[in-house]
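Structural characterization, general
Listed below are the residues making up each chain.
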Amino acid sequence: MEQLVACGAVIFLQLIIYLVIGNDLCRWMGWEDKGLLALAAGFFGYFGLFQLFALPMICFQVPFHILVIVWGIVCVLILLKGIVLHGKELLGRIAQIGCELAVKQWYLVIVAALLLLFLIVYQCIYYYSGFDTAFYIGTINTTLHTDSMYLFDGETGWAEKYLDMRYAFSGFYMNTAFWCRLFGLAPVIAQNYGMGSICIFMASVVTFLIGKEIFGDDTRKAYFYVILIGMLNIFFVSGYSTADFLLFRGYEAKGFCANVVIPAVFYAILVLWKEAGEKRRWQLVFLVAFASIPVSMSSLLIVPAAIGIAVLAECLVQKKIGILWRGILCLLPNAFYLVMYFLYTKKIWLIMVK
């Protein structure tokens, strides 16, 4: 029971931090006054910021407890800034979320809430347990027990000769290890119950935003859209489908890629197509692209490919070369990861374990 309470506290704290970061992003970037957009932007902002601290420490093989101290201080400062300096604004943002979710047909709210709860409980009970699970949960366990990051194989515990950049390029699992160390959580609980629940919740948030964008801020139709997508996930589960990675493997980085990152890319492109000349639209595209690798290495190719195709299409339709250059700028961080990972696979660039 103590583990479940601690897990609930971790979920709550992460969502609050997402909202604080998202609130700042909305204010700095001049984005629309939407509460749920702030929450979604804060999710990507959180992992993008975490990557800036975690990746250098991983590459320089800094002990894990240093990352815990540094990121713990950052989280405290984020929370203090959000509550002390912008407390009223934060409460206003929460009120905006309430207004954004409000609709006269309350049965839609109840149905959507019950469906979301069902998806979360289902994922917690029937999660996938296999080779990937052993490696990912093992990686977090190994990090906690050895006070190191990716210096030992997560499944076997054997010492690595060099850092496996297939996993080390993303701070996703180190973020879970951070919360495990902070709250004394078992990694399997933190991942399955904690991150799995966050995956389903954030997937629903992004789906709702897409629905409102498609139907012109019609909240009722957005609820129908969320319910429809939820039902499709329940009744159309098959091997390696997005539904499978939501309901059975939502705690994995790949689950976030399939159900949060890629839909967020679609939402950012949808918003961009309406006003490609607006700087704030490109800022949203950049944010999602920048944070896609920190969330999941599975985003390495699919995210820049999706954004690149959309930008090229928009450039051809509007016949403005500036659109293409802006798209290239948005994808520079992804291009860096792609080049470095290619060099790693060819063993041209390796970080040897000391």
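Residues numbered from 1 in each chain as written. Predicted model: local features only at pLDDT ≥ 70, side-chain atom pairs only at ≥ 80, totals over all residues. Heavy atoms only, no water.

1. What about the layout of surface pockets?
One number sums up the size of the largest pocket: a volume of about 440 Å³. The wall of the largest pocket is formed by 21 residues, among which L36, I97, L101, F201 and V205 lie closest to the centre. Counting residues per element, the ones that place at least two in the lining of the largest pocket are α1 (2–29), α2 (35–59), α4 (87–101), α5 (106–125), α9 (187–214) and α10 (219–235). In the lining of the largest pocket, the residues fall into 19 nonpolar, 2 polar and no charged. (1 Å grid on protein atoms, 1.4 Å probe; cavity = no way out; pocket = protein on both sides within 12 Å on 5 of 7 lines; lining within 4 Å. Points joined across faces, edges and corners; volume = space filled by probe spheres on them. Helix = DSSP H or I, 4+ residues; strand = E, 2+ residues; numbered from the N terminus. Nonpolar A, V, L, I, M, F, W, Y, C, P; charged D, E, K, R; others polar.)

2. Some points on the environment of G230
Structurally, G230 is set in helix α10. When the C-alpha atoms of G230 and A112 are compared, they prove to be 8.6 Å apart, with 118 residues separating the residues in sequence. Residues in contact with G230, not counting those within four places in the same chain, are L115 and L119. (Contact = heavy atoms within 4.5 Å.)

3. Considering the packing of aromatic side chains
Under the criterion given, the structure shown has 29 aromatic pairs. Centroid distance Y18 to Y46: 5.4 Å. Interplanar angle 65 degrees. Geometry classified as edge-to-face. Of this pair, Y18 sits in helix α1 while Y46 sits in helix α2, and the two are 28 residues apart along the sequence. Just as Y18 is buried, Y46 falls in that class too. When the centroid spacing of 5.0 Å and the interplanar angle of 75 degrees are considered together, the rings of F178 and W179 count as edge-to-face. Taking the relative accessible area as the measure of exposure, F178 reaches 1% and is therefore buried. Residue classification places W179 among the buried residues on the basis of a relative accessible area of 3%. (Phe/Tyr/Trp six-rings, centres within 6.5 Å; stacked < 30°, edge-to-face > 60°. Buried < 20%, exposed > 50% of the residue type's maximum accessible area, 1.4 Å probe, protein only.)

4. Structural notes on the pattern of salt bridges
Opposite charge on two side chains lets them pair, provided their charged atoms get close. Here the structure, examined in full by the defined rule, presents 4 salt bridges. Across the pair R27 and D24 runs a salt bridge whose closest N-O atoms are separated by 2.6 Å. Of this pair, R27 and D24 both sit in helix α1, separated by 3 residues, roughly a single helical turn. Owing to a relative accessible area of 7%, D24 belongs among the buried residues under this scheme. E252 is the salt-bridge partner of R249, the closest N and O atoms lying 3.1 Å from each other. Judged on exposure class, the residue R249 and its partner E252 are both buried. (Salt bridge = Lys/Arg side-chain N within 4 Å of Asp/Glu carboxyl O.)

5. Topic: the packing of helix α8 (residues 172–183) against α9
Two elements in contact, α8 and α9, have axes whose closest approach is 10 Å; the angle formed by their N-to-C orientations is 110 degrees. Between α8 and α9, the angle is such that the two are roughly perpendicular. Regarding α8 and α9, the two cross each other, and that crossing is right-handed. Between α8 and α9, the contacting residues are F172, Y173, N175, T176 and C180 on the first element and P187, A190, Q191 and M195 on the second. Considered class by class, the residues forming the contact of α8 with α9 number 6 nonpolar, 3 polar and no charged. (Axes fitted to C-alpha atoms, helices over the stretch in contact; angles between N-to-C directions. Parallel < 35°, antiparallel > 145°, perpendicular 65-115°, else oblique. Left-handed = near helix turned anticlockwise from the far one by under 90°.)

6. Quick look at α4
For α4, built from 15 residues, the straight-helix expectation of 21 Å at 1.5 Å per residue is met to within 8% by its first-to-last C-alpha distance of 21 Å. The complete set of buried residues in α4 reads G87, L90, R93, I97 and E100. Down the axis of α4, the sector holding all buried residues measures 145 degrees, keeping them to one side. Residues of α4 that are exposed and point over 90 degrees away from its buried face: K88, L91 and C99. Buried residues in α4 make contact with α1, α2, α3 (64–85), α9 and α10. (Expected span 1.5 Å × (residues − 1). Arc of directions from axis to C-beta.)

7. Details of the environment of P294
With respect to the secondary-structure elements, P294 resides in helix α13 (residues 279–295). Overall, P294 belongs to the buried group, its relative accessible area being 1%. Sequence spacing of P294 and A168 is 126 residues, and the spatial spacing of their C-alpha atoms is 9.7 Å. If we skip the residues at most four places from it in the chain, P294 touches F47, G48, Q51, S170, G171 and F172.

8. Some words on the nonpolar core
Core analysis: the largest hydrophobic core is formed by 120 residues, its most contacted members being Y18, F43, F44, L67, Y150, F256 and V260. Those residues in contact with F256 that sit more than four places away from it in its chain are F43, F172, M195, I198, C199, G250, V261 and V295. (Core = buried A, V, L, I, M, F, W, Y, C linked by side-chain atoms within 4.5 Å.)

9. Quick word on unusual backbone geometry
You will see that Q61, though not glycine, has its phi angle at about 55 degrees, which is positive. By the element assignment, Q61 lies in the loop between α2 and α3. Here Q61 falls in the buried class, since its relative accessible area comes to 14%. The phi dihedral of K347 is positive, around 60 degrees, even though this residue is not glycine.

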